[in-house]
Amino acid sequence: MNVAKLTSGLATRRCLRTVAPARLSRGLCTRVAASASSSGDFDFDLFTIGAGSGGVRGSRFAASYGAKVAVCELPFDFVSSETRGGVGGTCVLRGCVPKKLMVYAAEYADDFRHAAGFGWSVPSEGLQHSWTSFIEAKRKELQRLNGAYKNTLNNAKVTLVEGRGRVVDPHTVEVDGKRYRAKNILIAVGGRPSRLDIPGAELCITSDEALELPACPRKVAVLGGGYIAVEFSGIFARMGAEVHTVFRQPLPLRGFDEEVRKFATDQYVASGLHLHPRMTPQSVSRQLDGRLSLTLGHADGTTEVLTDLDQVLMATGRVPNTRGLGLAEAGVSMGPKGQVLVDEHCRSSVPSIWAVGDVIDRIQLTPVALMEGMAVAKSVALGQPTQPDYWAVPSAVFSNPEIATVGYTEEAATEKFGDVDIYTTSFRPMRNTVSGSPIRTFMKIVVDAASQKVVGMHMVGAEAAEIMQGFAVAVKVGVTKAQLDSVVGIHPSAAEEFVTMRSVTRQVRRAAATA
Ligand code: NDP
């Protein structure tokens with residue numbers, strides 16, 4: 001299976017770099033099965049480095065299949081460093097979970113404002129938010145989750161070793177001076193925020209610190225136009241900050257459907273974000289009053305300076321966390337970003353070493369890491385060579401408004417299938433007609449014209465993530481447009497639009513494009 005060709009545009013970019021040729025994979029299959037039986041020479045059948053989403057999932061399922069498993073992880077902290085981490089990993093402690101809690105906190109601000117349209121008297125004075133109380137509540141929840149993850153490992157009879165793990169050789173892991181022999185090693189160390197190499201970079205924060213700020217910034221610049229940038233821009237803006245989002249492309253969210261990017265950008269402007277497209281950060285400096293100023297450069301040579309910033313958030317991508325892990329020395333082939341190169345089974349060039357999650361830089365999403373962890377558990381502990389299936393991986397961006405997507409973008413589908421039918425709709429959601437919110441919703445279906453199969457669905461609007469999860473099932477199993485049309489809608493809802501789009505918006509034809 002050519003994984004790269006089956007994924008959406010965003011995923012395609014990443015898969016192409018890391019998936020090994022099918023020939024290599026067939027050769028490895030026999031060795032996968034052979035590695036399943038345990039041997040007395042080893043302390044463990046599987047030793048996992050990193051107890052984030054992928055590492056915990058792989059470890060506990062391998063243990064449930066009968067393997068003797070250990071996992072090592074750094075001691076807990078809210079902000080990660082060379083010496084601090086925590087069971088739960090990025091998603092639970094410094095990513096998806098705390099971010100979503102911040103999104104919830106920010107949504108209340110809109111809800112209070114919009115309630116007036118429905119007759120509620122919302123005092124313009126006296127509506128207060130305690131940032132300190134919120135951060136305290138968030139911390140409490142993360143500590144609970146950290147404990148829950150430890151319990152899960154304990155209940156699964158996985159040995160937890162606290163400390164920094166390092167690969168000594170293909171069968172040895174060292175944790176803070178103590179060595180463990182393992183038949184298989186799973187690398188699941190995730191990634192860390194990357195920083196731009198510009199003067200004043202040390203004055204900037206990353207998403208780690210953005211989740212732990214002592215106060216909400218009044219004026220903030222967010223560098224980057226990816227997931228993290230647009231999500232934090234939305235959070236800070238709804239919490240009342242003046243937000244300047246700076247990105248080097250004409251539109252944010254490169255890799256997403258072009259129409260979705262344009263529509264989302266219009267909504268970001270309507271929601272109050274100050275967008276700075278086609279700008280590259282050049283330097284950050286501290287003003288005399290302690291605040292920050294940021295110099296931006298345009299491709300035409302002009303510059304712009306943003307002053308009086310409380311924070312500058314660098315959201316310019318994440319890099320694999322493999323520094324000092326000993327992988328290259330152990331013979332593992334590494335990619336240019338420091339990612340572990342793996343085949344379709346998530347197996348590295350060293351047969352006893354496997355890797356899952358952000359460290360392989362394929363698709364940086366928690367549910368993908370979970371899928372990969374499960375696949376490795378089956379390959380290693382059951383001797384059943386298992387490949388993760390990257391077709392129709394849905395994802396959501398929790399910006400304001402939300403974006404959710406599954407399958408191909410229009411651009412990727414046109415490239416793959418040649419002829420595609422596009423169905424779109426855009427409307428002001430019923431809630432917003434009364435609340436006064438200017439935010440609109442956009443929905444799009446991409447259909448392969450020849451087979452009439454739905455190969456992509458996209459949405460910008462409230463509850464997009466919740467809606468898309470269900471439709472992802474349909475896309476994954478190959479639903480046709482006619483089958484979608486045969487479904488009765490739930491009224492009144494936004495979701496029903498996905499089953500009531502009868503008129504084609506445009507038919508994209510390869511012949512027309514090449515004429
Ligand atoms: P992304 O890869 O999504 O975005 C990085 C952004 O930084 C891009 O806009 C990129 O611009 C820009 N950038 C990179 N290098 C430079 C540079 N030298 N100068 C200026 N701009 C630069 O990374 P994120 O950090 O936002 O997120 C990391 C990953 O985490 C995501 O890919 C996603 O998979 C995952 N994630 C998922 C979430 C979710 O599921 N809701 C939420 C948050 C993160 P350009 O496009 O031009 O390269």
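Criteria and thresholds
Residues numbered from 1 in each chain as written. Predicted model: local features only at pLDDT ≥ 70, side-chain atom pairs only at ≥ 80, totals over all residues. Heavy atoms only, no water. UniProt positions renumbered as here; feature names shortened; annotations may be inferred. Helix = DSSP H or I, 4+ residues; strand = E, 2+ residues; numbered from the N terminus. Contact = heavy atoms within 4.5 Å. Pairing = 2+ DSSP bridges. Axes fitted to C-alpha atoms, helices over the stretch in contact; angles between N-to-C directions. Core = buried A, V, L, I, M, F, W, Y, C linked by side-chain atoms within 4.5 Å. Buried < 20%, exposed > 50% of the residue type's maximum accessible area, 1.4 Å probe, protein only. 1 Å grid on protein atoms, 1.4 Å probe; cavity = no way out; pocket = protein on both sides within 12 Å on 5 of 7 lines; lining within 4 Å. Points joined across faces, edges and corners; volume = space filled by probe spheres on them.

A. Focus on the UniProt feature "binding site: NAD(+)" (unreviewed entry) in the protein. The UniProt entry lists Gly224, Gly225, Gly226, Tyr227, Ile228, Ala229, Val230, Glu231 and Gly317 under the feature "binding site: NAD(+)" (unreviewed entry), expressed in the numbering used here. Considering the C-alpha atoms alone, the annotated residues occupy 94 residues of sequence yet fold into one spot, their largest mutual distance being 13.3 Å. As for its placement among the helices and strands, Tyr227 is situated in helix α9 (residues 227-238). With respect to the element layout, Ala229 can be found in helix α9. Setting aside residues up to four positions removed in sequence, Ala229 forms contacts with Val222, Leu223, Gly224 and Ala315.

B. Quick peek at the sheet that holds strand β10 (residues 274-276). One open sheet holds the four strands; their spatial order is β10-β9-β8-β14, and the pairing between them is parallel. Only two strands of the sheet have a single neighbouring strand rather than two, namely β10 and β14 (311-314). On average, each strand axis in the sheet is tilted by 20° relative to the strand beside it, whichever way the strands run. As paired strands, strand β9 (residues 242-246) and β10 are joined by three bridges and run parallel to one another. What sits directly across from His244, in β10, is His274.

C. Examining the nonpolar core more closely. Ranked by internal contacts, the top residues of the largest apolar core, which has 71 residues, are Phe236, Ile403, Ile445, Met457 and Phe498. Of all the elements, helix α14 (residues 464-476) adds the most residues to this core, at eight residues. Aside from chain neighbours lying at most four places away, what touches Phe498 is Met443, Lys444, Ile445, Met457, His458, Met459, Ile467, Met468, Phe471 and Leu484. In terms of nonpolar packing, the next biggest core, distinct from the first, is built from 49 residues, Ala70, Leu327, Val342 and Ile363 among them.

D. View of the layout of surface pockets. In this model, the second largest pocket occupies a volume close to 1,100 Å³. Surrounding the second largest pocket, 47 residues form its lining, Asp111, Arg431, Asn432, Ala462 and Glu463 being those nearest its centre. Of all the secondary structure elements, the ones that give two or more residues to the lining of the second largest pocket are α6 (96-115), α9, α13 (430-435) and α14. If one sorts the elements of the lining of the second largest pocket by residue count, α6 sits on top with nine residues.

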